[in-house]
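# Architecture and fold: a report
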Amino acid sequence: MPSFRRFLQRFLAGGAPRSIDDVDLVSIGGTGIKPPDRLNIPLLVRDKPWSVVRLHTIFRDLDRNPGELSDREARYARHCLSSFWLAVPVDQLEALYATGLGELQRAILASALCGAPLASDEFLWRDRLAQRLSDDHNRPERTNLLLAAMPYFAPEALRIADPLQRVPQWLLADYASHCEPALQARLRGPAGLLASSLDAQPPQVPLVEEPEVPVAPPATAPLPIHSEAAEEPDGLTLPTLSRREPADAMALFSSEAAVNRMAALINLFSIDPEDAETHKELAGLRRIIGQLWLNVEPQSMEALYRSGVGTVYRSLLTCGFGAVPLNERDLEARAQLVPWVQDLSRQKALNALLAVLPFFAPGKIRLAGGEEHLPAWLIAELARLTGVEGS
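Okay, so let's go over this structure. (Residues numbered from 1 in each chain as written. Predicted model: local features only at pLDDT ≥ 70, side-chain atom pairs only at ≥ 80, totals over all residues. Heavy atoms only, no water.)

This paragraph deals with the overall build of the protein chain. Each helix and strand counted, the protein chain has 18 helices and zero strands in total. Relative to its 391 residues, the protein chain shows a buried fraction of 42%. Restricting the contact set of the protein chain to residue pairs at least 6 apart, pairs at least 24 apart contribute 69%. When the accessible surface of the protein chain is split by element, carbon and sulfur atoms take 55% of a total near 22,100 Å². (Helix = DSSP H or I, 4+ residues; strand = E, 2+ residues; numbered from the N terminus. Buried < 20%, exposed > 50% of the residue type's maximum accessible area, 1.4 Å probe, protein only. Contact = heavy atoms within 4.5 Å. Areas by Shrake-Rupley, 256 points an atom, 1.4 Å probe, with all protein chains shown as cover.)

To continue, consider the packing of aromatic side chains. As enumerated under the stated definition, the model contains eight aromatic pairs in all. Ring centres of Trp85 and Tyr97 lie 5.9 Å apart, and the angle between their planes is 45°; this geometry places the pair in the tilted category. With a gap of 12 residues between them, Trp85 in helix α3 (residues 68–87) and Tyr97 in helix α4 (residues 93–97) connect regions that are remote in the sequence. For the pair Trp85 and Tyr97, a shared accessibility class is recorded, and that class is buried. Taking 5.6 Å as the distance between ring centres and 90° as the angle between the ring planes, the aromatic pair formed by Phe269 and Phe321 counts as edge-to-face. Of this pair, Phe269 sits in helix α12 (residues 256–271) while Phe321 sits in the loop between α15 (308–318) and α16 (328–341), and the two are 52 residues apart along the sequence. With relative accessibility at 2%, the residue Phe321 sits in the buried group. Among the aromatic residues, ring-to-ring pairing joins Trp50, Phe84, Trp85, Tyr97 and Trp170 into one connected group. Positioned above the aromatic ring of Tyr305 is the side chain of Arg314, whose terminal nitrogen or guanidinium carbon lies 4.8 Å from the ring centre. Across the ring face of Trp340, the terminal group of Arg346 is positioned such that the distance to the ring centre comes to 5.7 Å. (Phe/Tyr/Trp six-rings, centres within 6.5 Å; stacked < 30°, edge-to-face > 60°. Lys NZ or Arg CZ within 6 Å of the ring centre and 35° of its normal.)

The next thing to look at is helix α9 (residues 169–178). Within α9, seven of the 10 residues are buried, which leaves the element mostly enclosed by the surrounding structure. Those residues of α9 that fall on the buried side of the exposure criterion are Leu171, Leu172, Ala173, Asp174, Tyr175, Ala176 and His178.

This part takes up helix α11 (residues 246–254). Across the nine residues that make up α11, a large majority, seven, are buried. Of the surrounding elements, those touching the buried residues of α11 are α12, α13 (276–295), α14 (301–305) and α15.

Our focus in this paragraph is the nonpolar core. Counting 52 residues, the largest nonpolar core has Phe253, Leu282, Ile289, Trp293, Val312, Tyr313 and Leu337 as the members making the most contacts within it. Of all elements in the fold, only α11, α12, α13, α14, α15, α16, α17 (349–356) and α18 (376–385) reach the threshold of two or more residues within this core. Leave out the neighbours within four places in its chain, and Tyr313 touches Ile289, Trp293, Tyr305, Leu354, Leu357 and Pro358. Within the second largest apolar cluster, 35 residues are counted, among which are Leu55, Leu104, Leu172 and Ala176. (Core = buried A, V, L, I, M, F, W, Y, C linked by side-chain atoms within 4.5 Å.)

Before going further, it helps to spend a moment on a nonpolar patch on the surface. On the surface, Ile20, Val23 and Leu25 cluster together into a nonpolar patch covering about 330 Å² of accessible area. Note that Ile20 resides in the loop between α1 (2–12) and α2 (52–64). Accessibility expressed as a relative area gives 61% for Ile20, which makes it exposed. (Patch = residues over 30% accessible without salt bridge, like charges linked within 9 Å, V, L, I, M, F, W, Y side chains within 5 Å. Salt bridge = Lys/Arg side-chain N within 4 Å of Asp/Glu carboxyl O.)

This next bit is on the environment of Leu129. In this structure, Leu129 sits in helix α6 (residues 120–135). Taking the C-alpha atoms as reference points, Leu129 and Ala148, separated by 19 residues in sequence, lie 7.4 Å from one another. Excluding anything up to four places from it in sequence, Leu129 contacts Ser82, Leu86, Leu145, Ala148 and Ala149.

Turning our eyes to something else, we now look at the side chain of His279. By the secondary structure assignment, His279 is in helix α13. Here His279 falls in the buried class, since its relative accessible area comes to 18%. Among the polar contacts listed, one links the side chain of His279 to the backbone oxygen of Pro273, at a separation of 2.6 Å. The residues contacting His279, other than those within four sequence positions of it, are Phe269, Pro273, Glu274, Phe321 and Val324. (Polar contact = N/O pair within 3.5 Å; in protein donor to acceptor, adjacent residues only side chain to side chain.)

So, in structure tokens, the structure goes:
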């Protein structure tokens, strides 16, 4: 009986105590969540490796030595890149297109294969892409679909409704070149929208009230901008780059039509960097943005950089327009701005730095010291966009 009583006591107490040697104090236990029986994920593993360099080589061989073998290789390569575009995260498309992948896309579009008759399965692939693309123009993957479909259409055979609104700015030039050559002329339009920074009147667009929370505002929000000329004790005076009123200049960037026009001009420069009319208008745009930098208050510089003004400014910096020879007026303006940058501790030096950068080709300006006076956000952006280095 006593043994049964001890057994019953141990049973009610949860069993005999475990030895400390039996306790695991190292392993991390599972979450206890039971996995679903089946997810229905695709189980076909595609493990065919490829490289951008190899695909470039295939299309060069196709142009130099056309034949059945090179044609077949090029068709496989085209499908490889097309499939790749479908799998790219939508927020990484622009960055990847700026690499050799974008160059490869342009090489395919310019090749003899683009416009050649399609194999039966290529027809199916192209039609499925085109159907998805036409089903809903607002689907988030529309740019993926467009990139994947373009190499399967002959020049001028693929059209997107309202491309200025639906094709992203970074792709618009290549889209126009391959799909709608007439769009290039429409984008160029009548000269003069931006060229005359002295006399032209911007669209009168109401400005949105500045938010109470101190966050980076959109282009339509007013920023603390003044128009007084700054003068240092040593006699330096900032130049007047544009006589537009600051509020009017900001209103220009709040106009969707005007901003699209700016993007189109930058894209046109990438297509034809020798066009004199494009140079004239981009020079006017450079002066308008430069004047905004000279007028903005220090506490609002980053907000302006994060706004629509900054978006156009960064495109202007990276498109290569700074390498175009300056006219006499811009040479004089640059000469007046440079001394302000030589001492970054002086008031308005940061304003002058941002204003003068588009007057130089990327990588052609070197700071003389004083980088400790630059805000952290600006240091990172200078290195990324222009290659500016310290002393």
